[in-house]
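Coordinate analysis (summary)
Each chain, written out:
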Amino acid sequence: FQAAYPDENISKEDLFYYVYGLLHSPDYQERYGDTLRKELPHIPRVKSYEDFKAFSDAGRRLGEMHVHFATQPIYEGVKVDTGNRRLAPEDYRVTQMRYGKGKDKTVLHYNERITVTGIPLEAYEYVVNGKPALDWVVERQCDKTDRKSGIVNDANKWATETMHNPRYPFELFLRVITVSLETMKLGKGLPALDILPT
């Protein structure tokens with residue numbers, strides 16, 4: 001990489017974030033999608049330092065946002081229906097979130113007291129390990145006991161004892177909408193993949 005851009009001072013951190021940005025490029029994912037299913041990612045060098053910098057800067061922003069996903073802003077573009085009740089901390093207890101009728105992903109029934117509507121479908125385009133990030137939240141932020149092991153996954157206990165916020169699972173879902181939309185926006189804003197020959 002230093003040989004590709006001899007007049008620039010590229011740090012290991014710049015390169016790390018370049019790779020992270022590159023892996024979020026729709027152009028990269030389309031071009032190398034079949035290969036990525038079978039082997040380690042091919043990391044090409046882009047032709048210009050300006051493009052390298054664009055990928056690195058986007059990767060830095062993505063990395064910061066993904067590491068600190070639980071502190072990202074709550075997405076404000078949804079409607080939260082509480083049946084016109086004022087909610088107490090215990091009203092945020094979650095057993096298992098579920099999507100709307102017919103798996104309508106614009107609707108989330110958080111629990112019997114809280115329903116979220118107007119979830120943008122674009123938020124489900126951000127996929128982590130083969131599944132939309134929002135699906136991971138719905139699946140993991142629950143209260144259930146594994147039949148075989150007896151291990152209890154209680155998101156409510158984590159929320160109150162560790163995060164000191166009984167609204168944590170609810171807020172996490174809304175924060176991950178922000179993360180998902182911003183991730184897709186940053187990815188789509190990356191330059192076209194114009195690479196150097198190997």
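Please read these numbers as outputs of a predicted model, since none were measured by experiment. (Residues numbered from 1 in each chain as written. Predicted model: local features only at pLDDT ≥ 70, side-chain atom pairs only at ≥ 80, totals over all residues. Heavy atoms only, no water.)

Some details on the nonpolar core
If you look at the biggest cluster of nonpolar residues, it comprises 30 residues, and the most contacted ones within it are Leu 108, Ile 119, Leu 134, Phe 173 and Ile 177. Mapped by element, the contributors of at least two residues to this core are helix H3 (49-67), helix H4 (133-140), helix H5 (155-162) and helix H6 (168-188). Among the elements that take part in this core, H6 stands out by supplying nine residues, more than any other. With residues near it in sequence (within four places) discarded, Leu 108 still touches Met 97, Arg 98, Tyr 99, Ile 114, Thr 115, Val 116, Ile 119, Val 138 and Phe 173. The next biggest cluster of nonpolar side chains, apart from the first, holds 13 residues, and it includes Tyr 32, Tyr 49, Phe 52 and Leu 193. (Core = buried A, V, L, I, M, F, W, Y, C linked by side-chain atoms within 4.5 Å. Buried < 20%, exposed > 50% of the residue type's maximum accessible area, 1.4 Å probe, protein only. Helix = DSSP H or I, 4+ residues; strand = E, 2+ residues; numbered from the N terminus. Contact = heavy atoms within 4.5 Å.)

A look at the packing of aromatic side chains
Tallied over the entire structure, the rule returns twelve aromatic pairs. Taking the centre distance of 6.1 Å and the plane angle of 50° together, the rings of Phe 1 and Phe 52 count as tilted. Of the two residues, Phe 1 is situated in the segment before helix H1 (12-23) and Phe 52 in helix H3; the sequence distance between them amounts to 51 residues. The class for Phe 52 is buried, based on a relative accessible area of 1%. By way of ring pairs, the aromatic residues Phe 1, Tyr 5, Tyr 18, Tyr 49, Phe 52 and Phe 55 are connected into one cluster. Here Lys 131 stacks its cationic end above the ring of Trp 136, 4.2 Å away from the centre of that ring. (Phe/Tyr/Trp six-rings, centres within 6.5 Å; stacked < 30°, edge-to-face > 60°. Lys NZ or Arg CZ within 6 Å of the ring centre and 35° of its normal.)

Re the packing of H3 against H6
At their nearest, the axes of H3 and H6 sit 11 Å apart, and the two run at 170° to each other. In terms of orientation, H3 lies roughly antiparallel with respect to H6. The interaxial crossing formed by H3 with H6 has left-handed handedness. When H3 is examined against H6, the residues Arg 61, Leu 62, Met 65 and His 66 are found in contact with a partner set consisting of Val 179, Glu 182, Thr 183 and Leu 186. The class makeup of the residues in the contact of H3 with H6 is four nonpolar, two polar and two charged. (Axes fitted to C-alpha atoms, helices over the stretch in contact; angles between N-to-C directions. Parallel < 35°, antiparallel > 145°, perpendicular 65-115°, else oblique. Left-handed = near helix turned anticlockwise from the far one by under 90°. Nonpolar A, V, L, I, M, F, W, Y, C, P; charged D, E, K, R; others polar.)

A closer look at the packing of H4 against H6
Between H4 and H6, the least distance of the axes is 9 Å, while the angle of their chain directions is 165°. With respect to H6, the axis of H4 lies roughly antiparallel. For the element pair H4 and H6, the recorded crossing hand is right-handed. Residue-level contacts link Ala 133, Leu 134, Val 137 and Val 138 of H4 to Leu 172, Phe 173, Val 176, Ile 177 and Ser 180 of H6.

Quick notes on the sheet that holds strand E2 (residues 98-100)
On the basis of which strands lie adjacent, the open sheet formed by four strands has the order E1-E4-E3-E2 and antiparallel pairing. Either end of the sheet is taken by a strand with one partner, and the two such strands are strand E1 (79-81) and E2. Each neighbouring strand pair of the sheet contributes to a mean axis angle of 35°, computed without reference to strand direction. The pairing of strand E3 (residues 104-109) with strand E4 (residues 115-117) spans three bridges and is classified as antiparallel. Residue Leu 108 lies in a different strand from E4, and its bridge partner there is Val 116. (Pairing = 2+ DSSP bridges.)

A look at helix H2 (residues 26-36)
Structurally, the α-helix is built with 3.6 residues per turn, so residues lying three or four positions apart point the same way. Within H2, burial applies to Tyr 28, Tyr 32 and Gly 33. For H2, the angular spread of the buried residues around the axis is 160°, confining them to a single face. With respect to the buried face of H2, the exposed residues turned more than 90 degrees away are Glu 30 and Asp 34. Those residues of H2 hidden inside the fold are in contact with H1. (Arc of directions from axis to C-beta.)

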